[in-house]
Each structure stands twice: as structure tokens, then as C-alpha cells.
Amino acid sequence: MLVKRIGRLCAVLVLSGVSSVAFSETFTFSDALELMDENGHVTIPNNFTAIGQNAFNSTAVVSVTIPSTVSSMGNYAFANTPKLEEIVIPNSITSIPAYAFLESGISKITLHSNITSIGDNAFHSTNITEINLPENIIIGTGAFQRSKLKHLRLPNGTRLNS
């Protein structure tokens with residue numbers, strides 16, 4: 001297989017005998033700026049499989065629609081986004097990485113039962129006041145430090161990294 005990329009365009013030559021081709025596309029900071037509407041809303045297209053490190057860092061994003069094709073996100077993905085208030089993480093994402101929402105305006109997040117870990121400082125200095133955690137989750141150091149979290153129930157099997 002031969003792949004030729006020119007900017008965001010990609011030409012693929014598939015040789016005989018190749019039955020399938022899979023591509024991984026990471027949503028980047030420039031994608032965020034390009035796709036954000038005037039009200040700060042972003043809908044990530046289905047062709048993306050990951051949200052890159054710093055993808056929304058220091059932007060004016062208010063809300064993000066993440067498709068189920070996205071299975072991972074990078075550190076600092078939503079850091080320093082004071083206007084971001086609420087986000088729904090799709091079932092396809094199993095880990096909230098380190099510093100993912102550092103100093104964001106997020107006050108509400110929906111986590112599903114597939115989430116297995118929350119990275120170090122993931123919700124550090126956020127407006128989050130409540131969160132429901134799934135069972136058997138690993139919580140990183142300082143994950144909720146300096147947040148406005150008032151109550152945290154640790155479900156069965158919770159492990160804290162220190």
C-alpha cells in the first residue's frame with residue numbers, strides 16, 4: 001500500500017491482496033479552531049479516532065460533541081477552557097488522561113462504566129461540583145485538587161494513585 005498525504009488530503013493506492021485499510025486521524029488544535037462555530041460549539045466529525053494533546057487548550061470552546069469513533073484523548077486536551085461547562089464522554093473512551101480538564105470551566109461531566117482511569121490532575125482547578133464514578137476505577141494524584149467538588153463517593157474497587 002502506498003499513501004501520499006498533501007495537507008489534509010490523502011491518496012491511497014491499495015495493492016492486490018489487501019482486503020482492508022484502517023486509518024487513524026487525530027483531532028488537533030488547528031482542527032478545533034477551524035470547526036468551532038461563532039458560539040464556541042464544536043462537533044468532531046466521525047473520521048476522527050482521537051483527540052490530540054492540547055487540542056482545545058486555551059480556546060473559547062463552550063461545548064463539544066464527541067462521536068463514538070473517538071477512542072482516546074491526549075493530555076491537556078481541554079485544559080484552560082474557562083467557557084467549557086459540560087461534556088459527555090462517549091463509551092468508546094476508557095481513560096481520562098492527565099490534566100485533561102485542568103483549569104477548565106467544566107461543572108458537569110458524564111462518565112460511563114467503561115472509564116477505567118482518571119489521570120493525574122485531570123480535573124484540577126475546575127468548577128466540577130459532582131461526579132459519578134464507575135466501579136473499579138483508578139484515580140490519579142490530584143485528580144480533583146482545587147476543584148469545587150463537594151461530595152465524592154468512591155465505588156467498589158476504586159484505587160488511588162499516590
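Check the entry above for the structure.
Per chain, residues are indexed from 1 in the order of the written sequence. Reporting in this predicted model follows two pLDDT cut-offs: at least 70 for local features of residues, and 80 or more for side-chain atom pairs to be given and counted; totals over whole chains, interfaces and linings ignore these cut-offs and use all residues. Excluded from the side-chain calculation are hydrogens and water; included are all heavy atoms of the structure.

This next bit is on the environment of Phe144. Relative to the elements of secondary structure, Phe144 occurs in the loop between strand E12 (138-139) and strand E13 (159-160). Taking the C-alpha atoms as reference points, Phe144 and Leu102, separated by 42 residues in sequence, lie 9.5 Å from one another. Every residue pair with non-hydrogen atoms within 4.5 Å of one another is taken to be in contact. Those residues within four positions of Phe144 in sequence are excluded, and the remaining contacts are Ile118, Phe123, Ile131, Leu133, Ile139, Leu149 and Leu152. Helix and strand assignments follow DSSP, with helices taken as H or I runs no shorter than four residues and strands as E runs no shorter than two, numbered in order from the N terminus.

Let's shift gears to the side chain of Ser117. In this structure, Ser117 sits in strand E11 (residues 117-118). Counting of polar contacts relies on pairs of N or O atoms within 3.5 Å, with two restrictions inside protein: one atom must be capable of donating a hydrogen and the other of accepting it, and residues adjacent in sequence are counted only when both atoms are side-chain atoms. Within the structure, the side chain of Ser117 is placed 2.8 Å from the side chain of Ser95, a separation counted as a polar contact.

Below, the discussion takes up unusual backbone geometry. Phi at Tyr76 takes a positive value of approximately 60 degrees, unusual for a residue other than glycine. Its location among the elements puts Tyr76 in the loop between strand E7 (72-73) and strand E8 (86-88). For each residue, the accessible area found with a 1.4 Å probe, counting protein chains only, is set against the maximum for its type, and the residue is called buried under 20%, exposed over 50%, and partly exposed in between. The exposure class of Tyr76 is partly exposed, given its relative accessible area of 27%. One non-glycine residue, Arg146, lies in the positive phi region at around 60 degrees.

The subject of this paragraph is the nonpolar core. Note on terminology: a nonpolar core comprises buried Ala, Val, Leu, Ile, Met, Phe, Trp, Tyr and Cys residues joined through side-chain atoms within 4.5 Å. Core analysis: the biggest nonpolar cluster contains 37 residues, and Phe56, Phe78, Ile96 and Phe101 have the highest contact counts within it. Dropping the residues within four chain positions of it, Phe56 is found in contact with Phe27, Ala32, Val42, Ile44, Ile51, Val61, Val64, Ala77, Phe78, Ala79 and Thr81.

The next point concerns the side chain of Thr59. Following the sequence through the fold, Thr59 ends up in the loop between strand E5 (50-51) and strand E6 (63-65). You can call Thr59 buried: its relative accessible area is 8%. Setting aside its immediate chain neighbours within four residues, Thr59 contacts Phe29, Leu33, Met36, Asn80, Thr81 and Pro82.

A separate point is the environment of Val42. Mapping Val42 onto the fold places it in strand E4 (residues 41-43). On the basis of relative accessibility, which here comes to 1%, the residue Val42 falls in the buried class. In the structure, Val42 is positioned ten residues away from Ala32 in sequence and 7.2 Å away in space, judged by C-alpha atoms. For Val42, the residues in contact, after removing those within four places along its chain, are Phe27, Ala32, Leu35, Met36, Phe56, Val61, Ser63, Val64 and Thr65.

Think of a pair of aromatic rings as described by two things: how far the centres are apart, and how the planes are tilted against each other in angle. A pair of Phe, Tyr and Trp rings is counted when the ring centres sit within 6.5 Å of each other, with Trp represented by its six-membered ring. The angle between the planes then sorts it: under 30 degrees is stacked, over 60 is edge-to-face, the rest tilted. One pass over the structure, following the stated rule, counts seven aromatic pairs. Considering the side-chain rings of Phe27 and Phe48, the 5.1 Å spacing of their centres and the 80 degrees angle between planes classify their relative orientation as edge-to-face. Here Phe48 lies in the loop between E4 and E5 and Phe27 lies in strand E3 (residues 26-27), a separation of 21 residues in the sequence. By relative accessible area, which is 0% here, Phe27 ends up buried. Ring centres of Phe123 and Phe144 lie 5.5 Å apart, and the angle between their planes is 5 degrees; on these two criteria the pair is classed as stacked. With Phe123 in the loop between E11 and E12 and Phe144 in the loop between E12 and E13, the pair connects residues that are 21 residues apart, well separated along the chain. Neither residue differs from the other here; Phe123 and Phe144 are each classed as buried. An aromatic cluster of at least three residues, connected via ring pairs, comprises Phe27, Phe48, Phe56, Phe78, Phe101, Phe123 and Phe144.

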